[in-house]
Amino acid sequence: MKTVLVLNGPNLNMLGLRQPEVYGRETLADVEALCRAAGARHDLAIEFQQTNHEGQMIDWIHQARGRVAGIVINPGAWTHTSVAIHDALIAAEVPVIEVHISNVHRREAFRHHSYVSLVAQSVLAGFGTHGYVLAVDHFARQLQGA
Ligand code: CA2
């Protein structure tokens, strides 16, 4: 069975608890359940992680190399700041789909640039938590050769 690794960056553990007008009412546990259900539909194993520590995120990305079929990543604010995560994703040599719950392009200017988009095969923003499901579905489709 192939594995899709779903990675979440800083503050996403607060999902559903604050700022529901921006990020909705679902918690990160709800997002994990959505991803696992999508994986089960496609016979894909899902690994789901969240961290507030950039080094931990980089270690998980490195460990994905040669082991997982795809990475779905919501890098949170590191999207806009982290050359280190950009470099780690290149080193991993695994296809990447970048997901943002909100539409970052209709928010503050500092959210308009992404270091991750430079290395992502696809970017989803503004689909709410359904963006994660779309990303897993898309990897499934790609892995089937469609
Ligand atoms: O829209 C997204 O998914 C973001 O990646 C979320 C990040 C933000 O820095 C990006 O620009 C866009 C922030 C995640 C923090 O999530 C919270 C959720 C509830 C309460 C506070 C923060």
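Residues numbered from 1 in each chain as written. Predicted model: local features only at pLDDT ≥ 70, side-chain atom pairs only at ≥ 80, totals over all residues. Heavy atoms only, no water.

Visitor: Pulling in residues and values, what's your account of the site of the ligand?
Guide: Close to the ligand lie 17 residues, the nearest being N74, H80, I101, S102 and R111. Measuring from an oxygen atom of the ligand, one finds a side-chain N or O atom of S102 at 2.6 Å. For the ligand, an oxygen atom lies 2.9 Å from a polar atom in the side chain of R111. Here the ligand, which alone exposes 510 Å², has 93% of that area covered by the protein. (Near = heavy atom within 4 Å. Polar contact = N/O pair within 3.5 Å; in protein donor to acceptor, adjacent residues only side chain to side chain. Areas by Shrake-Rupley, 256 points an atom, 1.4 Å probe, with all protein chains shown as cover.)

Visitor: Quick one: what's the story with the UniProt feature "binding site: substrate" (unreviewed entry) in the chain, residue by residue and with numbers?
Guide: This chain's UniProt record puts "binding site: substrate" (unreviewed entry) on N74, H80, D87, I101, S102 and R111. In terms of the greatest pairwise C-alpha distance, the residues named above, spread along 38 residues, do not form a single cluster, extending to 24.3 Å across. Within the secondary structure, S102 is located in the loop between β4 (96-100) and β5 (122-125). S102 has contacts with V22, Y23, R107, A125 and G126, leaving out every residue within four places of it along the chain. (UniProt positions renumbered as here; feature names shortened; annotations may be inferred. Helix = DSSP H or I, 4+ residues; strand = E, 2+ residues; numbered from the N terminus. Contact = heavy atoms within 4.5 Å.)

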